[in-house]
Amino acid sequence: MSDQSGGASAPAPKEVTVPDLVAMKRDGKRITMMTAYDAAFARLVDHAGIDVILVGDSLGMVVLGYPTTVPVTMDDMVRHAAAVSRGATRPLLIGDMPFGSYQASPSDALRNAARFLKEAGMDAIKVEGGAEVVETVRTLTANGIAVMAHVGLTPQRVAQLGGFKVQAKTARAARRLIDDALALEDAGAFSIVLESVPAPVAALATQRLGIPTIGIGAGVDCDGQVLVLHDVLGLYGDFKPKFAKRYADIGAAVTTALQEFDREVRDGSFPTAEHSFTMKESELLSLQRSLAQQKAG
Ligand code: KIV
């Protein structure tokens, strides 16, 4: 494996912590967050200098092939989060609580959130929702679990919302979103994702909150930005939200590489001697003799 660490003698970079993120808002430094779902990509996200890795339940759509995030289970999340924590060292690691893992009761949420910390090496967890999850956020933070909140478009409610639609478009809905965000901050959330909300609403929420806002489809005035890795790399074509910027088309590069493999195997140009193993001539002769004797006998 190649060394992508910048050299064996380079000092290990300082790990990003929850207080670091809050300090970044205070100091006017923008926060970067990216999803990842396995060790290989987590390593690459880490090497790119991204501050936070979210093991998002978007896993269900971009990796597991479901049409929504709803079917994702705690076991799915813990397995992938553990892989991410084996691949990344510097970024703050956040595990996304899947649908059904925190809604029934705060104690249910506590038990499931603890799995992210104990079994998967996560630093914090994320829950979707406004006023209805405030009590849960209070319980988790009171018990030592750092919580990132998530308001606006909350994909676990996609059926109720009637699709992946922009939220908080009226003054009333926007006011509710800002009030929810303030209540979540008061309950102890250390940061909050604002998804698919008009940019001016996100800007007003960001001004009013002491904790950092991380936008996705929420304009440039949030304290940080998050995108889904597979959207960024062109690895997911099933659904492309307006906010998802494609920075590379790795999907096309993968198809080209696999087509070349397919052609080379079929026409016999792969493998060459470079990718094959050999043996001593004397051993080969001995093998051929033994096979010839067996045939004759
Ligand atoms: O699951 C996810 O990837 C998310 C981000 C889109 C914020 O919740």
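On a predicted model such as this, the values are computed, not experimentally measured, just so you know.

(A) The arrangement of the site of the ligand in detail. If you check the shell around the ligand, you find T35, L54, G56, D57, S58, D96, K126, H150, I216 and V228 and nothing else. In this structure, D96 approaches the ligand through a side-chain N or O atom, which is 3.1 Å from an oxygen atom. In the model, an oxygen atom of the ligand is placed 3.0 Å from a nitrogen or oxygen of the K126 side chain. In terms of residue class, the shell around the ligand is built from 3 nonpolar, 4 polar and 3 charged.

(B) Spatial organisation of the pattern of salt bridges. If you walk through the whole model with that rule in mind, you get 14 salt bridges. Of the charged contacts in the structure, one is a salt bridge between R26 and D27, with a shortest N-O distance of 3.4 Å. In this structure R26 comes out as exposed when scored by relative accessible area, which is 67%. In this structure D27 comes out as partly exposed when scored by relative accessible area, which is 45%. R90 serves as the salt-bridge partner of D51, at 3.3 Å between the closest nitrogen and oxygen. Of this pair, D51 sits in the loop between α2 (39-47) and β2 (52-55) while R90 is found in the loop between α4 (74-87) and β3 (92-96), placing the two residues 39 residues apart along the sequence. Look at the salt bridges and you will find they share partners, linking D75, R115 and E119 into a network.

(C) Quick look at the environment of V62. Secondary-structure assignment places V62 in helix α3 (residues 59-62). With relative accessibility at 13%, the residue V62 sits in the buried group. Separated by 162 residues in sequence, V62 and G224 have C-alpha atoms that sit 22 Å apart. Those residues in contact with V62 that lie beyond four places of it in its chain are Y37, V228, H230 and Y236.

What counts and how
Every residue gets a number counted from 1 within its own chain, in the order that chain's sequence is written. With pLDDT at 70 or above as the cut-off, local features in this predicted model cover only qualifying residues; side-chain atom pairs require 80 or more to be listed or tallied, and sums for whole chains, interfaces and linings still use all residues. Side-chain measures were taken over the full set of non-hydrogen atoms in the model, leaving aside hydrogen atoms and water. Near, as used in this document, describes a residue that has one of its heavy atoms within 4 Å of the molecule or strand being considered. Whenever a nitrogen or oxygen atom comes within 3.5 Å of another N or O atom, the pair is scored as a polar contact, on the condition that within protein one atom can donate a hydrogen and the other can accept it, and that pairs from neighbouring residues in sequence are kept only if both atoms are in side chains. All amino acids are sorted into three groups, where Ala, Val, Leu, Ile, Met, Phe, Trp, Tyr, Cys and Pro are nonpolar, Asp, Glu, Lys and Arg are charged, and the leftover types, Gly among them, are polar. For salt bridges, the criterion is a side-chain nitrogen of Lys or Arg within 4 Å of an Asp or Glu carboxyl oxygen. Buried means the residue's accessible area, taken with a 1.4 Å probe over protein chains only, is under 20% of the maximum for its type, while exposed means over 50%, and partly exposed covers the values in between. The numbering of helices and of strands both runs from the N terminus, where a helix is a DSSP run of H or I of at least 4 residues and a strand a run of E of at least 2. Here, two residues are considered to be in contact whenever any of their heavy atoms come within 4.5 Å of each other.

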